[in-house]
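A closer look at the structure
The primary structure of each chain is shown beneath.
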Amino acid sequence: MATEVKLPDVGEGIESGTVVSVLVKPGDKIQKDQPLVELETDKAVVEVPSTAAGVVQSVNVKEGDEARIGAVLVVVDEAGGATEPAQAEQPAEAKAEEKQAEEKQAEEPSAPPAQPEPAPGAGRQEPQPPRTSGQAGGGRPTPAAAATDRSDDDNGRLVPAAPSVRRLARELGVDLRRVHGSGILGRVSAADVRQAVSGADRAPAGTAVAAPPLPDFSRWGEVEREPMSGIRKATVRSMSTAWSTVPMVTHFDEADVTDLERFRKRYQKEADKQGVKLTPTAILLKVVGVALRRFPDFNASIDVAKLEVVRKQYVNVGVAVDTDAGLLVPVVRDVDSKGIIELARELGELAEKARSRKLSLEEMQGGNFSISNLGGIGGTNFTPIVNPPDVAILGVSRAAVKPVWDEGGSFQPRTVMPLALTYDHRLIDGAAAARFLRWVCTALEEPFVALLDG
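All values reported here derive from a predicted model rather than from experimental measurement.

On to the sheet that holds strand S6 (residues 54-59). The four strands are arranged S1-S8-S6-S3 in an open sheet whose pairing can be described as antiparallel. Edge positions in the sheet fall to strand S1 (2-6) and strand S3 (29-30), since each has one partner strand and no second. With four bridges joining them, S6 and strand S8 (residues 72-77) adopt antiparallel strand pairing. By the bridge assignment for S8, Ser58 is matched with Val75.

Along its 16 residues, helix H5 (residues 230-245) runs 22 Å from first to last C-alpha, staying within 8% of the 22 Å computed at 1.5 Å per residue. For H5, every residue scored as buried is listed here: Gly230, Ile231, Ala234, Thr241 and Ala242. Seen end-on, H5 carries its buried residues on one side only, within an arc spanning 105 degrees. In the core, the buried residues of H5 are packed alongside strand S4 (35-40), strand S9 (248-256) and strand S14 (326-328).

This part takes up the pattern of salt bridges. Evaluation of the coordinates by the stated rule reveals 15 salt bridges. Glu254 is the salt-bridge partner of Lys402, the closest N and O atoms lying 3.3 Å from each other. You can see Lys402 sitting in strand S18 (residues 400-405) and its partner Glu254 sitting in strand S9, a full 148 residues away along the chain. The class of Glu254 is partly exposed, set by a relative accessible area of 39%. Here Arg333 and Glu362 are joined by a salt bridge, their closest N and O atoms 3.6 Å apart. Here Glu362 lies in the loop between helix H8 (340-355) and strand S16 (369-373) and Arg333 lies in the loop between strand S15 (331-332) and H8, a separation of 29 residues in the sequence. Beyond isolated ion pairs, a larger network of salt bridges with shared partners links Asp256, Asp259, Arg262 and Arg414.

Among the surface-exposed residues, Leu214, Phe217, Trp220 and Val223 lie close enough to one another that they form a single nonpolar patch of about 460 Å² accessible area. Within the secondary structure layout, Leu214 lies in the loop between helix H4 (190-198) and H5. Here Leu214 falls in the exposed class, since its relative accessible area comes to 60%.

A separate point is the nonpolar core. If you look at the biggest cluster of nonpolar residues, it comprises 50 residues, and the most contacted ones within it are Leu285, Val317, Phe369, Leu419, Phe436, Trp439 and Leu444. Listed in part, the 19 residues of the second largest apolar core include Ile30, Val48, Ala52 and Val76.

This paragraph deals with the packing of aromatic side chains. What the rule picks out here adds up to six aromatic pairs. The interplanar angle of 50 degrees and the centroid separation of 4.8 Å between the aromatic rings of Phe263 and Tyr267 together place this pair among those described as tilted. You can see Phe263 and its partner Tyr267 sitting in helix H6 (residues 258-273), four residues apart, about one turn around the helix. Among the residues examined, Phe263 registers a relative accessible area of 35% and is labelled partly exposed. Judged by centre distance (4.2 Å) and plane angle (20 degrees), the ring pair of Phe298 and Phe436 falls under stacked. Of the two residues, Phe298 is situated in the loop between helix H7 (280-294) and strand S10 (300-303) and Phe436 in helix H9 (residues 430-445); the sequence distance between them amounts to 138 residues.

Calculation criteria
- Residues numbered from 1 in each chain as written.
- Predicted model: local features only at pLDDT ≥ 70, side-chain atom pairs only at ≥ 80, totals over all residues.
- Heavy atoms only, no water.
- Pairing = 2+ DSSP bridges.
- Helix = DSSP H or I, 4+ residues; strand = E, 2+ residues; numbered from the N terminus.
- Expected span 1.5 Å × (residues − 1).
- Buried < 20%, exposed > 50% of the residue type's maximum accessible area, 1.4 Å probe, protein only.
- Arc of directions from axis to C-beta.
- Contact = heavy atoms within 4.5 Å.
- Salt bridge = Lys/Arg side-chain N within 4 Å of Asp/Glu carboxyl O.
- Patch = residues over 30% accessible without salt bridge, like charges linked within 9 Å, V, L, I, M, F, W, Y side chains within 5 Å.
- Areas by Shrake-Rupley, 256 points an atom, 1.4 Å probe, with all protein chains shown as cover.
- Core = buried A, V, L, I, M, F, W, Y, C linked by side-chain atoms within 4.5 Å.
- Phe/Tyr/Trp six-rings, centres within 6.5 Å; stacked < 30°, edge-to-face > 60°.

The following block contains the structure:
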């Protein structure tokens, strides 16, 4: 019996991924849960396992393909028997013809707008952000206007919305072109459609503006184009959303870490015995974990729709890791309840998995606060960007030896670490940010402070 193995849901908010490698070929005998392909999503590279055991009849994807949730990856003969060539080839040919037809339809702005949505896995162009000029919120349009919900403007660009949202809009008679999308790059959600029906005016926290067209760079010399990786696409979306929706302020301070560095180097020998590298970031994790318990607003999120503050009773901290593929942020959990050696070991393992692209989606979700340490590269200071739904992020720059005036009336060489705290001003006030960062600095200068509070 032939069984289609489809791409399952691989994570919240992920609709598609790029096939990095195909691990099977026609004729291979496979077992259930055996990896079929490696898929690069917005957040990680994951192995997609088989849901059936048998002999591979056909492979419907190849390296570089964009596969959507529900797309057929392979066809498996669970009985393990041979199949006639026509039986194995026909589904692939039919799907190829269907895909070509749908891609042609997506490229033609004049195509009938009321055609049904493509089936999961079918090829289609990535929706582009809508124009913000001339848009207005709310109102139930005429059926004729509602029928045009597929196109955004005269150029035929699609309104970014899921098929379920489009269906809801048609049922409620809402013209998606008249709805302000509150999601990433203006993506329209079901809540946006319902609010449009109610006639309530929406004042979005930030409006995504379509980028102006680029000039023809080839006029001035040779150019080369390459597609963005999944991680870079995710960075574009998340940073654009953060910049347009979060009112950010950055507060700067410095910590005298002379004694802390002496302490770290002294106990590195003990850490070496356990195969752990005692880094400044691991110590910062512990200090920040205690600080988030002491200052719970920095461990919270804002629910703008309900006008509520969500206070989390757990302390998970994301740590930015620089990789060849881009920036990844694995999450260290329950940092307030773990020792520095344990945190250093866990951080080292997560960083290595990030660099080898072996992080799971779960290991990059659930963070409440982030640390970005560029001290190993250089720089005197920088302004990190808050990544919603977090409300704050700590930036760490390279420590340097500076002359510091002491109480004895003389200059002393001291190791000073620059710190920058960027925060969401909707929840965090300037005075609260100053107190939080000063407490972190004091805890780094006098570790006994963190022990007292922890």
